[in-house]
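Summary of structural features
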Amino acid sequence: MEIKNARFVQSLSNGGEIPSFGAPEIAIAGKSNVGKSSFINFMTNRNKLARTSADPGRTRLVNFFEINNGEFFLVDLPGYGYAKVSKEEKSKWGPMIEGYLHNGKNLVHVFVLLDIRHDPTREDMQLINYLFHYNFQFSVIATKADKLSKMQQKKALQNIATKVGIGVDNVYAISSYEKTGKEAILDRIAQILENAPQVL
Ligand SMILES: Nc1nc2c(ncn2[C@@H]2O[C@H](COP(=O)(O)OP(=O)(O)O)[C@@H](O)[C@H]2O)c(=O)[nH]1
Ligand SMILES: [Mg+2]
């Protein structure tokens with residue numbers, strides 16, 4: 001599988017009607033600053049397709065990115081666990097993420113992004129338990145692998161797999177900085193699309 005082109009198509013705000021583009025969607029979830037936007041830019045070879053860190057505005061919405069002229073969509077979910085936002089704003093995120101996960105008709109897989117250096121947080125585990133509960137297919141992507149040596153990475157992936165309760169072959173290390181780990185994820189995407197329902 002190859003990502004030849006990508007474009008931003010739509011943001012979904014709280015309570016907005018979930019769009020359907022008639023193609024499989026892979027959602028990208030994780031806490032603020034884990035590297036979601038950088039991951040999307042890395043995967044699509046684009047510097048600024050998804051805006052990174054210093055631009056919280058758009059990252060508070062569900063953003064749809066069309067890949068390969070409609071072959072599939074990457075859906076960037078709002079980051080959770082950001083300490084600086086108000087309680088009121090925080091209270092909107094759960095429903096927005098859950099609303100999409102629950103009602104998005106074309107959703108076929110969730111990539112849960114976790115920082116390779118840390119154990120999953122309470123909020124990460126809430127999301128993961130939710131995915132288990134509703135039987136959603138998901139994989140874990142361990143970000144910022146460049147922060148650890150190869151040997152430390154191996155240990156960290158095993159630790160994350162154990163904490164999450166999945167096999168280590170379902171946990172992928174990536175570094176958007178050093179641009180490593182992309183091929184394995186493209187292979188995973190190919191597999192996901194092969195198994196996606198034909199009529200959405
Ligand atoms: N060392 C390292 N830092 C990264 C990597 N990916 C993202 N970051 C940094 O982590 C911060 C948050 O990244 P961003 O993509 O905006 O995270 P988001 O909030 O999950 O969308 C930024 O300062 C990035 O430069 C990576 O692969 N390695
Ligand atoms: Mg972001």
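For the structure, check the block above.
The present account deals with the structure reproduced in this document. (Residues numbered from 1 in each chain as written. Chains lettered and ligands numbered in written order. Predicted model: local features only at pLDDT ≥ 70, side-chain atom pairs only at ≥ 80, totals over all residues. Heavy atoms only, no water.)

Counted according to the given criterion, the structure contains 3 salt bridges. The partner of Arg7 in a salt bridge is Glu66, and the shortest N-O contact between them spans 2.6 Å. On the criterion of sequence distance, the pair formed by Arg7 in strand E1 (residues 6-12) and Glu66 in strand E3 (residues 62-67) is long-range, its members being 59 residues apart. One salt bridge connects Asp119 with Lys163, and the closest N-O pair in it is separated by 3.3 Å. On the criterion of sequence distance, the pair formed by Asp119 in the loop between strand E5 (107-115) and helix H3 (122-133) and Lys163 in helix H4 (residues 150-164) is long-range, its members being 44 residues apart. Looking at Lys163, the relative accessible area reads 41%, which means it is partly exposed. (Salt bridge = Lys/Arg side-chain N within 4 Å of Asp/Glu carboxyl O. Helix = DSSP H or I, 4+ residues; strand = E, 2+ residues; numbered from the N terminus. Buried < 20%, exposed > 50% of the residue type's maximum accessible area, 1.4 Å probe, protein only.)

The buried fraction of strand E4 (residues 72-76) is high, at 5 of 5 residues. Side chains Phe72, Leu74 and Asp76 of E4 all project onto a buried face; the interleaved residues Phe73 and Val75 project onto the opposite face, where all are buried too. In this sheet, E4 lies alongside strand E2 (residues 25-30) in parallel orientation, the contact comprising 4 bridges. Note that in E4 the partner of Ile28 across the bridge is Asp76. In the sheet, E3 pairs with E4 via 5 bridges, with the strands oriented antiparallel. From the neighbouring strand, Phe64 faces E4, where its bridge partner is Val75. Between E3 and E4, which pair antiparallel in sequence order, lie 4 residues; one of them, Asn68, sits at a positive phi of approximately 50 degrees. (Pairing = 2+ DSSP bridges.)

As for its position among the elements, Glu2 is in the segment before E1. Residue classification places Glu2 among the exposed positions, given a relative accessible area of 52%. Residues Glu2 and Asp187 lie 185 residues apart in sequence; the distance between their C-alpha atoms is 9.0 Å.

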